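The chain contents come next:
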Amino acid sequence: MKKNFLLIILAILLPLAAGARNYDGECGDNLSWTIDTETYTLIISGTGDMYNYTYNVTDSCAPWYDYRDYIDYITVESGVTNIGDDAFTFCEYLKSATLPNTITSIGRRAFYGCKRLGEITIPNSVTRISDIAFAVCYKLKTITIPSSVVSIGRSILCVSRDLETVVVEPGNPVYDSRENCNAIIETATNTLVWGYENTVIPNTVTAIGDHAFSNCRKLTSIEIPNSVTSIGSDAFNYCIGLTSLTIPNSVVTIGKSAFDNCTKLTSIVLPDTLTTIEEKLFYCCTKLTSVIIPSNVTTIGRYAFGNCQAITDIALPNSVSYIGEGAFNNCMKLKTIIIPDLVTSIEKETFLKCDSLESITLPSNITSIGSRAFYECKSLKYIEIPESTTFIGYMAFRRCWNLTFVRSLAMVPPTCEDDNVFEKKTVESVTLYVPEDCVNVYKEAHEWSRFISIEELYPGQGVCENQQARVSLFPNPAESLINVNCENIRSLEIYSSDGKQVKRMTVFGSEAQVDISELGSGIYILNIETTHEIITKKLIVR
């Protein structure tokens with residue numbers, strides 16, 4: 001009833017002869033189209049290629065796009081040689097499509113969003129299926145890739161939630177679905193190029209390709225065999241049902257964004273062979289609570305852990321020499337982190353909006369701190385700028401409302417990008433401590449001069465040394481007792497790797513012995529509060 005009513009309206013609006021029952025036009029140099037209003041069938045006939053379309057660009061949509069909700073069936077007649085890009089995008093009421101054996105290619109997003117498409121047969125004449133050609137075809141239950149297909153684009157069937165079976169016909173020279181794996185594998189390279197929740201990865205597969213399981217929303221777990229050596233970019237992104245994953249040590253590379261937006265992923269075991277955490281690898285994994293970074297990793301890519309809102313602690317191995325822009329951006333529960341000594345710069349927005357970050361240890365060779373690096377770290381209590389630092393970007397420490405201790409070890413005041421590096425509250429209420437004989441230099445320096453109070457930290461004792469050199473902690477690793485030597489100790493606090501305080505003791509003096517026999521083995525954070533600062537050390541308990 002609804003369709004009949006709308007078609008009457010369309011008959012008035014369209015420039016067609018009175019009483020006409022079909023809608024028609026051209027869709028290729030020698031192709032025409034018509035809609036049979038009695039059967040709700042779109043018919044395409046003629047010879048040659050169909051035009052390519054772009055569904056979301058004005059005047060570039062398929063000519064039947066405005067009537068897509070009233071197309072139940074599609075018949076493409078013999079002579080048509082391809083299905084154009086975006087040809088039938090969002091024909092949500094389409095139930096079936098008949099394609100002739102003259103078709104050689106199916107374009108990008110050709111059947112994208114055909115949510116009621118329950119069956120389609122790809123003819124043996126087809127050699128190429130382009131990107132996301134059948135994506136978001138919810139009702140499609142089975143599909144067979146003919147032996148003629150030699151080129152398959154990315155994510156051709158993603159978010160096809162009712163899919164049960166995928167088969168590549170025997171005799172295909174490029175692809176196979178060996179061992180009834182319910183996947184598409186590139187035979188020559190043993191690369192799995194497409195899979196979904198029913199896929200079982202054969203132990204002959206050596207690579208999981210780019211976008212292979214992208215948007216596989218019903219995937220909760222999958223076993224990756226020891227034969228796999230690489231996982232491609234975006235391989236599991238938006239697998240919103242994936243909760244845990246173990247990656248075997250055979251894997252040596254994992255591409256960028258491989259697990260981004262896996263919003264239910266709580267834990268993952270990374271292989272010891274990994275040397276790079278690529279950009280956005282775990283971006284928006286909002287339930288990820290912990291991850292152990294292998295000891296061979298040297299690089300943490302841009303936004304690698306960005307928006308991982310549940311992570312409370314992350315241990316960076318000493319091998320890390322570079323941490324990219326925004327790497328821990330918006331890790332709202334991250335409490336402590338120690339930056340390895342090989343890192344020479346804190347890139348922009350690295351710790352932006354880490355609301356719970358209370359302490360951070362910067363290595364002595366940091367030369368620059370990027371813009372908004374610690375922006376809105378609301379719990380950060382102290383910061384010590386290393387002697388080697390020469391540049392600090394704009395708003396690097398803005399909105400750090402709880403800063404109570406700021407110290408610069410640099411003899412020459414680091415150049416500040418603007419006069420908004422520190423919050424107004426900070427420069428008005430917190431004393432800036434600087435090396436001996438450097439007070440006047442800082443009082444005349446851009447941005448630093450905003451501090452109302454600038455003092456030497458240790459008057460008469462020469463240039464302040466790096467905090468790590470002034471603290472003695474031994475033995476470390478330890479089993480039962482540790483000894484701490486440091487001037488003017490007031491208290492000692494030990495935190496577990498998940499940010500919980502497990503021990504606290506008050507100390508008056510420069511030496512302390514601490515019983516740690518009740519602590520389990522693992523990595524802990526030791527905060528040493530003195531009369532002037534808080535110093536953070538990593539403690540290993542055996």
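Structure report, in brief. The structure displayed is predicted, hence computed values, not measured ones. (Residues numbered from 1 in each chain as written. Predicted model: local features only at pLDDT ≥ 70, side-chain atom pairs only at ≥ 80, totals over all residues. Heavy atoms only, no water.)

Here's the deal with the environment of Asn329
This is how the line gets drawn: A run of H or I in DSSP counts as a helix once it spans at least four residues, and a run of E counts as a strand once it spans at least two, with each numbered from the N terminus. Each residue gets one of three labels from its accessible area relative to the maximum for its type: buried under 20%, exposed over 50%, partly exposed in between, using a 1.4 Å probe on protein chains only. Throughout, a contact is declared for two residues whenever any of their heavy atoms are within 4.5 Å.
Turning to its location among the elements, Asn329 is positioned in the loop between strand S24 (322–323) and strand S25 (336–338). Its relative accessible area of 13% is what places Asn329 among the buried residues. Sequence-distant contacts of Asn329, defined by excluding residues within four places in its chain, comprise Tyr303, Phe305, Gly306, Asn307, Glu349, Thr350 and Leu352.

A word on the pattern of salt bridges
Side chains bearing opposite charge may pair, as long as their charged atoms lie close to each other. Short version of the rule: Any carboxyl oxygen of Asp or Glu that lies within 4 Å of a side-chain nitrogen of Lys or Arg is treated as forming a salt bridge with it.
This structure, assessed with the given rule, holds 16 salt bridges. The salt bridge involving Asp131 is made with Arg154; its shortest N-O contact spans 3.9 Å. With Asp131 in the loop between strand S9 (128–129) and strand S10 (142–145) and Arg154 in the loop between strand S11 (151–152) and strand S12 (165–168), this pair connects stretches of sequence that are 23 residues apart. When its relative accessible area of 32% is taken as the criterion, Arg154 is described as partly exposed. Because the salt bridges share partners, they merge into one network encompassing Arg108, Asp131 and Arg154.

Some details on the sheet that holds strand S5 (residues 82–83)
Definition in use: For two strands to be treated as a pair, DSSP must find at least two bridges joining them.
Taken together, four strands build an open sheet; the order of strands is S5-S7-S9-S11 and the sheet is parallel. Pairing within the sheet leaves two strands with one partner each, and these edge strands are S5 and S11. Relative to strand S7 (residues 105–106), S5 is paired through two bridges, and the arrangement is parallel. Residue pairing in the sheet places Ile83 in a bridge with Ile106 of S7.

What to know about unusual backbone geometry
Glycine aside, negative phi is the norm for most residues, and most peptide bonds take the trans geometry. Geometrically, the link from Phe474 to Pro475 is a cis peptide bond, its omega value of -10 degrees lying close to zero. Its location among the elements puts Pro475 in the loop between strand S35 (472–474) and strand S36 (481–495). Look at the link from Asn476 to Pro477: it is a cis peptide, with omega at 15 degrees. Look at Asn182: it is not a glycine, yet its phi comes out positive at around 55 degrees. Relative to the elements of secondary structure, Asn182 occurs in the loop between strand S13 (175–176) and strand S14 (184–186). Positive phi is not limited to glycine here, since Arg399 has a value of about 60 degrees. Considering the arrangement of structural elements, one finds Arg399 in the loop between strand S30 (391–392) and strand S31 (405–408).

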